[in-house]
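Spelled out from the first residue to the last, the chains are:
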Amino acid sequence: MNERLAARGRQISRLKEGTAQKVSNVLLSGAAGVASFIFSLLAFLYITSFNEKIIASIVAGAFCLLVSYIASERPNSQSARALSALGDRLLAVEQGDLTSPTPKIVREAMPKLATAVDSLFAEVRASIENAHALGMYDPVTSLPNRLHFRAEADKLLAARSPETMAAMLFVDLDRFKNVNDSLGHARGDQLLIMVANRLRVVVTAEVGEGQAGRPLLARLAGDEFTIFFPEIETAADAERVARRIALAISEPFELHGHSMDIGASVGVAISPEHGVAIESLMRAADIAMYQAKNSGGGRYCLFSEELAAEHQRKVDTEAALSEAVQRGEFLLALQPQLSCATGEVVGAEALLRWNHPREGMRLPGTFIPIAEQTGIIAEIGDWVIAEVASMLAEWQSQGIDRRIAFNVSPRQLDRADFFQRMRTTFADAGVPLSMIELEFTESAAMECSETVLAEIAALRRDGAWIAIDDFGTGYSNLARLRAMPLDRVKLDPSLIADIETSEKARVVVQAVVQLIKGVGAGIVAEAVENAAQADILRAMGCETVQGFVFAHPMFEEEYLEWTQNADRGSRSVA
């Protein structure tokens, strides 16, 4: 309301000024006309000669024209010069001049206009400064953003001498997503502010301890922060700061009655050893940070050439995986599962192999984690299901009745249509669900939603076997374990590795076996390497075993031949 009144006042003021200018022009023009009339009258009264009258008329006319011109132009000439000067001032904006005041002639001839122009430039400057601040600083933490950080870090790096060491620290919060998911993004932003304050404390402490160049702290994006130290004495100094950061963030945060334990992974890169440009330093620190996170988080890692080589292998693997399915480079190997009671083959686990065009046959451990991270595992999983369906359909036509187990990735469970598409694949191949066994990791089984549990239960009712794989490596909710639709539990190889030599290992395995039997599930031991382990597991009540002690993974043709021989051996023993 006040702004509208002020604007209305300015309009009235401009109207009054325009009216006053018009009245002034009329008075001046009238005065010039009166003076011309008096001059002409006197000339005609006192001059009698015709020729003199002509001359007087010409002089009078010229005088009238001169007086009229002076009367009309005099009040406008200063305004015209002022407007011309104002135009030049406005054109100077093209060269970026937003600070010079309006010219003096404008302030003298049009003071109100000069004030308005100065106010306009002041508002434009303020708007530009605000936009610059929004574009260069993070609105949540008020720290420099990625654009600002890159620009300032470039300047700091270029200003230092070639012999001076610098350090880049890359900080990524470990469990920040859980905060957003459980408490919401507003609480997540508050936690980011608290993290930024703790990082400021660490940086300020370093400056207080005699840091030569002031560090640059920024929030890059999401839960990622970075700190650039333009001058350090040794790499150990940077590692000390990284250790302080990891410890500082590991302390719980009190957030609206909740104690939040998140932690941080910190990557460290040193210049010039790990790069002489900001881009290379940030990349090196990022690689080191991911190594720290993959090692469990809550720690720091210093970049090295070994890390760079490993990272490049991952990048190459990711690129090759994206085309491996289309190029038909994957194969399925089958490892027999034998009954401890009868020794007969009761099924097989399908194990993925990648026939890499340059590196040869690669085992799952060299590429499955990367496929999980990138999401390519979902496409690979579709191929495995289709291959198992085709294999079982061929076996049925040959009268072979043998079950195949295969792993299901958590990424596959994230797809709403996964179970329906899998059902369709086996139905189209004419393979009953009783011929398959789905293996879920312990973590996926414990964390899956009620909807997924319902789908798993429906599969089990329709004949599919359900198993938990690698049991003993994750967190098990006993209530969930008891309620989950389940047929078998596979012991992780780490549980049985020392059972023939360690009493503690045997006690643990025996307890796990009793727990599994208590929920009504069968037990499968995998990676059994010798007969002593097999005998102990049999005595403990393990029903099924698989491992090198009986057979290595084989491709389909070899597997079928091996199982035929095994079946003949079982019949002859019987």
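Calculation notes
- Counting restarts for each chain: residues are numbered from 1 in the order of the written sequence.
- Note on the predicted model: pLDDT of at least 70 is required for a residue's local features to be given, and 80 or more for side-chain atom pairs to be given and counted; whole-chain, interface and lining totals, by contrast, use all residues.
- Side-chain measures here rest on the full set of heavy atoms in the structure, leaving out hydrogens and waters.
- Paired strands are those between which DSSP finds at least two bridges.
- Secondary structure counts use DSSP, requiring at least four H or I residues in a row for a helix and at least two E residues in a row for a strand, with both numbered from the N terminus.
- The convention used is that axes are lines fitted to C-alpha atoms, helices contributing only their stretch in contact, and that angles between N-to-C directions extend from 0 to 180 degrees.
- Contacts are assigned to residue pairs that have any heavy atoms within 4.5 Å of one another.
- Note on ring pairs: Phe, Tyr and Trp rings are taken, using the six-membered ring of Trp, and paired if centres are within 6.5 Å. Classes follow the plane angle, with under 30 degrees stacked, over 60 edge-to-face and the rest tilted.
- Exposure categories follow from relative accessible area, calculated using a 1.4 Å probe and restricted to protein chains: below 20% of the type maximum is buried, above 50% is exposed, and the middle band is partly exposed.
- Geometrically, a lysine NZ or arginine CZ counts as sitting over a ring once it is within 6 Å of the ring centre and also within 35 degrees of the ring normal.
- Gly counts as polar in this scheme, as do all residues outside two lists: the nonpolar Ala, Val, Leu, Ile, Met, Phe, Trp, Tyr, Cys and Pro, and the charged Asp, Glu, Lys and Arg.
- What makes a patch is a set of residues exposed beyond 30% relative accessible area and free of salt bridges, joined within 9 Å when like-charged and within 5 Å when nonpolar (Val, Leu, Ile, Met, Phe, Trp, Tyr).
- Every accessible area reported is derived by Shrake-Rupley at a probe size of 1.4 Å, with residue values counting cover from the shown protein chains alone.
- Any Lys or Arg side-chain nitrogen located within 4 Å of an Asp or Glu carboxyl oxygen qualifies as a salt bridge.
- The term nonpolar core refers to a set of buried residues drawn from Ala, Val, Leu, Ile, Met, Phe, Trp, Tyr and Cys, joined through side-chain atoms within 4.5 Å.
- Confidence of the predictor at the level of single residues is captured by pLDDT, which takes values from 0 to 100.
- To estimate the expected span of a helix, subtract one from its residue number and multiply by 1.5 Å.
- Buried and open spaces are told apart on a 1 Å grid over the protein atoms alone, a cavity being a set of points where a 1.4 Å probe fits but cannot get out and a pocket being an open set with protein on both sides within 12 Å along at least five of seven lines. Residues with an atom within 4 Å of a point are the lining residues.
- Grid points are joined across faces, edges and corners, and a volume is the space filled by probe spheres set on the points.
- Small angles under 35 degrees read as roughly parallel and large ones over 145 as roughly antiparallel, with 65 to 115 read as roughly perpendicular and the rest as oblique.
- Left-handed describes a crossing whose near helix is turned anticlockwise from the far helix through less than a right angle; right-handed describes the clockwise counterpart.

Below, the discussion takes up the sheet that holds strand β6 (residues 264-271). Read across the sheet, five strands follow the order β2-β3-β1-β6-β7 without closing on themselves; strand pairing throughout is mixed. Of all the strands in the sheet, just β2 (216-221) and β7 (300-302) have a single pairing partner and so form its edges. In this sheet, adjacent strand axes meet at a mean angle of 20 degrees when their direction is disregarded. By the bridge criterion, seven bridges tie strand β1 (residues 165-173) to strand β3 (residues 224-232) in an arrangement that is antiparallel. Looking at the pairing, Asp-172 lines up with Glu-224 of β3. Running over the sheet, helix α8 (residues 235-250) touches β1, β3, β6 and β7 and is turned about 165 degrees from β6.

Inspection of every chain in the model, using the stated rule, returns seven aromatic pairs. Centroid distance Phe-406 to Phe-426: 6.3 Å. Interplanar angle 25 degrees. Geometry classified as stacked. With a gap of 20 residues between them, Phe-406 in strand β11 (residues 403-408) and Phe-426 in helix α14 (residues 418-429) connect regions that are remote in the sequence. Relative accessible area serves as the criterion here: at 1%, Phe-406 is assigned to the buried category. A connected cluster of aromatic rings, assembled from ring pairs, spans Phe-330, Trp-354, Phe-367 and Trp-383. Positioned above the aromatic ring of Phe-253 is the side chain of Arg-198, whose terminal nitrogen or guanidinium carbon lies 3.6 Å from the ring centre. Taking the ring centre of Trp-465 as reference, the NZ or CZ of Arg-403 above it sits at 3.7 Å.

Let's shift gears to the packing of helix α5 (residues 146-159) against helix α9 (residues 278-294). Contact pair α5 / α9: the axes reach a minimum separation of 10 Å and the direction vectors enclose 115 degrees. Residues Arg-146, Phe-149, Arg-150, Ala-153, Asp-154 and Leu-157 of α5 touch α9, and the partners they reach there are Ile-278, Glu-279, Leu-281 and Met-282. Counted by class, the contact of α5 with α9 contains six nonpolar, no polar and four charged residues.

We now examine a nonpolar patch on the surface. Taken together, the side chains of Leu-331, Met-361 and Phe-555 define a hydrophobic patch exposed on the protein surface, amounting to about 240 Å² of accessible area. The topology assignment puts Leu-331 in strand β8 (residues 330-339).

Grouped together as the largest cluster of nonpolar side chains are 82 residues, with contacts concentrated most on Phe-330, Phe-406 and Phe-426. Here this core takes 10 residues from helix α12 (residues 377-397), the largest share from any one element. Excluding residues within four positions of it along the chain, Phe-406 makes contact with Ala-350, Val-384, Ile-385, Val-388, Met-422, Phe-426, Ile-436, Glu-437, Leu-438 and Glu-439. Counting 33 residues, the second largest nonpolar core, distinct from the first, contains Val-203, Ile-227, Val-266 and Val-268.

A separate point is the pattern of salt bridges. All chains considered together, the criterion is met by 25 salt bridges. With a shortest N-O distance of 3.7 Å, Lys-155 and Glu-152 are connected by a salt bridge. With Lys-155 and Glu-152 both in helix α5 and three residues apart, the pair spans about one turn of that helix. Given the relative accessible area of 26%, Glu-152 is considered partly exposed. With its nearest N and O atoms 2.8 Å apart, the salt bridge here joins Asp-462 to Arg-423. Taken together, the residues span a long stretch of sequence, with Asp-462 in the loop between α16 (450-461) and β13 (465-471) and Arg-423 in helix α14 at a distance of 39 residues. The class for Arg-423 is partly exposed, based on a relative accessible area of 21%. Bridged by salt links that share partners, the residues Glu-349, Glu-439, Lys-490 and Glu-526 form one connected network.

To continue, consider the confidence of the model for the protein. For the protein, per-residue confidence averages 84 on the pLDDT scale, and 81% of positions sit at 70 or higher. Here helix α1 (residues 2-46) is the element of the protein with the lowest mean pLDDT, 56, and α14 is the one with the highest, 97.

Turning our eyes to something else, we now look at α16. In a regular helix each residue adds 1.5 Å, so 12 residues correspond to 16 Å; α16 covers 16 Å between its end C-alpha atoms and thus fits that length. Every buried residue of α16 is accounted for by Val-452, Leu-453, Ile-456, Ala-457, Ala-458 and Leu-459. Note on α16: the residue one or two positions beyond its end, Gly-463, has a positive phi of about 115 degrees.

Moving on: the pairing of strand β12 (residues 436-441). Within β12, five of the six residues are buried, leaving the element largely enclosed by the surrounding structure. Here five bridges tie β12 to β13, and the two strands are oriented parallel to one another. In the strand pairing of β13, Leu-438 is matched with Ile-466.

As a volume, the largest pocket reaches approximately 1,000 Å³. Lining the largest pocket we find 38 residues, and of these Glu-349, Leu-351, Leu-352, Pro-364 and Asn-407 sit closest to its centre. Sorting the residues of the lining of the largest pocket by element identifies β8, β9 (345-356), α11 (368-374), α12, β11, α13 (410-413), β12 and β13 as the ones contributing at least two each. Ranked by residues supplied to the lining of the largest pocket, first place goes to β9 with five residues.

Mapping Gln-546 onto the fold places it in the loop between β16 (544-545) and α21 (556-573). With relative accessibility at 1%, the residue Gln-546 sits in the buried group. Apart from residues no more than four positions distant in its own chain, Gln-546 is found in contact with Gln-335, Pro-336, Gln-337, Glu-349, Lys-490, Val-524, Ala-525, Glu-526, Ala-527 and Val-528.

We now examine the packing of α12 against α14. One can describe the packing of α12 onto α14 by two numbers: an axis separation of 9 Å at closest approach and a directional angle of 25 degrees. When the axes of α12 and α14 are compared, the pair comes out roughly parallel. In this structure, the crossing between α12 and α14 has a hand that is right-handed. Residues Asp-382, Ile-385, Ala-386, Val-388, Ala-389, Leu-392 and Ala-393 of α12 pack against Phe-418, Arg-421, Met-422, Thr-425, Phe-426 and Ala-429 of α14. The residue makeup of the contact of α12 with α14, split by class, is 10 nonpolar, one polar and two charged.

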